[in-house]
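Here is how the chains run, residue by residue.
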Amino acid sequence: MKNTPLILFSFTASAAVVGLLTALRAELTRVRGGKIFAFMALTVLPALAMWAGVNQHLERSTSTQFCLSCHVMADFGKSLYVDDKSYIPAVHFQNHFVPPDHACFTCHTDYTMFGDYKAKWRGVHHVLVQYLGKIPKPEEIKLYTAYNNRECLHCHAGMRKYEEASSHRKNPEMLSQVAINQLSCISSGCHDTVHDVTTLKDATFWTPKASGK
Amino acid sequence: MTATLMERRIRWSGLLIVVGLLFQMLTLPLTHPLAFVGFLFLGCPLVAAGMLFFLYSLISNDKEY
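The helix and strand inventory of chain B stands at 2 helices and 0 strands. For chain B, contacts bridging at least 24 residues in sequence account for 71% of all contacts bridging at least 6.

Running from amino to carboxyl end, helix 1 (residues 6-24) of chain A crosses helix 1 (residues 5-27) of chain B at an angle of 160 degrees, the nearest separation of the two axes being 8 Å. In this view, helix 1 of chain A runs roughly antiparallel relative to helix 1 of chain B, as classed from their interaxial angle. Here helix 1 of chain A and helix 1 of chain B pass one another in a crossing that is left-handed. Contacts between helix 1 of chain A and helix 1 of chain B involve A:Phe9, A:Thr12, A:Ala13, A:Ala15, A:Ala16, A:Gly19, A:Leu20, A:Thr22 and A:Ala23 from the former and B:Arg11, B:Gly14, B:Leu15, B:Ile17, B:Val18, B:Leu21, B:Leu22, B:Gln24 and B:Met25 from the latter.

The interface is formed by 36 residues belonging to chain A together with 29 residues belonging to chain B. Counting residues per element, the ones that place at least two in the side of chain A that touches chain B are helix 1, helix 2 (32-60), helix 3 (64-67) and helix 7 (115-132) of chain A. Broken down by element, the side of chain A that touches chain B gets its largest block of residues, 11 residues, from helix 2 of chain A.

On to the domain arrangement of chain A, then. Structurally, chain A comprises domain 1 (6-60) and domain 2 (64-147 + 186-202). Spacing between the C-alpha centres of domain 1 of chain A and domain 2 of chain A amounts to 39 Å.

So, how was this worked out
- Residues numbered from 1 in each chain as written.
- Chains lettered and ligands numbered in written order.
- Predicted model: local features only at pLDDT ≥ 70, side-chain atom pairs only at ≥ 80, totals over all residues.
- Helix = DSSP H or I, 4+ residues; strand = E, 2+ residues; numbered from the N terminus.
- Contact = placed C-beta atoms within 7 Å.
- Axes fitted to C-alpha atoms, helices over the stretch in contact; angles between N-to-C directions.
- Parallel < 35°, antiparallel > 145°, perpendicular 65-115°, else oblique.
- Left-handed = near helix turned anticlockwise from the far one by under 90°.
- Domains from an automatic or database assignment.

Structure below.
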């Protein structure tokens, strides 16, 4: 219950009780006031509860805990703790370059108009595979399409450290090629160690110290 | 006093909504993909069906009984 705002749970429960009362006393609708009450109870309140619930679930589905709740994702979660700076997700996660509570979604959503919804739709497909299909091994899991630089540049574009890095200035065209996705950040040999779950058994891991929060 | 057709429809729509909302309440405390899918593909359609059935009962012009 700790993740559910109590107010939303209470509101949904209240809407259900009011709906039940209306269903049991449908004869109330014989008078004008009863019709208005039924309209509120059977249209407005459920719609509000549904809208709030959808928002709550969508927000929660962007959490790292949510993504890692499927067993097949465990190794990917573990890779966030690898003590090696060449592991791009680990560096971002451990240094809070991405919000640790929303680490997966921050990098794996599409930063386009309907990117979040496309990401959720892919997630629904993953759930279907998890329960109705053949679950792949972690090392068999691949992206649907090559990772788009757009997702990296959502944060890095315009950043001084990114633009002035000598490795990004090897040739004058480099930054513009990255910007138009001609030169991949990940698969061009520069930042190519991503989750790399096949090497985890030989890796050392960082253990977060208690922050005292 | 017997219930009219409209009242019977309102009763059914109310029950659909209540079942949908109860299902939504079950999924709300859970942070799991199954809860998300259950909310979206079971809870929401039940509530939406109840709402639409209620609105239909208001505008339909069927003879009583």
